[in-house]
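As a plain string of letters, each chain reads:
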Amino acid sequence: MHPKFILVSSQDAPLVGTFVYGMVYQHKDLVEGYVKVHGGGWYLRDDAAMTMTLYGSSGDYGEPRLAFLNRIPSELRGYRFFYTPFPGTPGNELDLSGVEWF
C-alpha cells in the first residue's frame, strides 16, 4: 500500500474540492460515490514537523489541480502543506487561509 491523495468534488458542490488521502494501492481506491476527481498524487506526512508534502501525479487522474484544495480533514489542522512535482525537491508552501476544516 502507498500514501496517495486525490482532490474530489461532489455533484452538489462541483467547485469545492475535498482532500482525500490514505494508504491504498491505486488512487481510485480513495473514490467513494459519485464525485468529480481533480487529480491527485502522493504525499509525505511528517507528524513531528507537522508538514504534509504533496508530490507527483495520479496515474488514474493526472496532476492535482490545487485550486480544488478547499476542504481538508480537521485531523490535519495545524499542518503546513507543500507541493512539489518531484519528490526530494523543495516544495512551495500552499496557502490554506481559505480552507474549510471538516
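In the block above lies the structure referred to throughout.
As a starting point, this report considers the structure included with it.

Mapped onto the secondary structure, V20 falls in strand β2 (residues 18-24). When its relative accessible area of 22% is taken as the criterion, V20 is described as partly exposed. Apart from the residues lying within four places of it in its own chain, the contact partners of V20 are K4, F5, I6, V8 and L30.

This part takes up the side chain of H38. Looking at where H38 falls in the secondary structure, it is placed in strand β3 (residues 35-46). Discounting residues that sit within four places of it in the chain, H38 has contacts with L7, V8, S9, P14, E63, P64, R65 and F68.

This structure, assessed with the given rule, holds four aromatic pairs. With a centroid separation of 5.4 Å and 25° between ring planes, the pair formed by F19 and Y21 is classed as stacked. Both residues of the pair, F19 and Y21, count as buried. Joined through ring pairs, the aromatic side chains of F5, F19, Y21, Y43 and F81 make up one cluster. The ring of F102 has R71 sitting right over it, with the charged end atom 4.1 Å from the ring centre.

Now for the nonpolar core. Among the nonpolar cores identified, the biggest contains 18 residues, and F19, M52, L54, I72, L76, F81 and L96 are the most heavily contacted of them. If you list the elements that add at least two residues to this core, you get β1 (2-10), β2, β4 (51-55) and β6 (80-84). Setting aside chain neighbours within four positions, we find L76 in contact with F19, Y21, R45, M52, F81 and W101.

With that settled, consider the pattern of salt bridges. This model, assessed by the stated rule, comprises three salt bridges. In this structure, the salt-bridge partner of D47 is R45, at a minimum N-O distance of 2.7 Å. Judged by relative accessible area, D47 falls into the partly exposed class, the value being 48%. For E93, the salt bridge is made with R80, and the minimal N-O distance between the two is 3.1 Å. Taken together, the residues span a long stretch of sequence, with E93 in strand β7 (residues 92-93) and R80 in strand β6 at a distance of 13 residues.

What counts, and where the lines are drawn
Residues numbered from 1 in each chain as written. Predicted model: local features only at pLDDT ≥ 70, side-chain atom pairs only at ≥ 80, totals over all residues. Heavy atoms only, no water. Helix = DSSP H or I, 4+ residues; strand = E, 2+ residues; numbered from the N terminus. Buried < 20%, exposed > 50% of the residue type's maximum accessible area, 1.4 Å probe, protein only. Contact = heavy atoms within 4.5 Å. Phe/Tyr/Trp six-rings, centres within 6.5 Å; stacked < 30°, edge-to-face > 60°. Lys NZ or Arg CZ within 6 Å of the ring centre and 35° of its normal. Core = buried A, V, L, I, M, F, W, Y, C linked by side-chain atoms within 4.5 Å. Salt bridge = Lys/Arg side-chain N within 4 Å of Asp/Glu carboxyl O.

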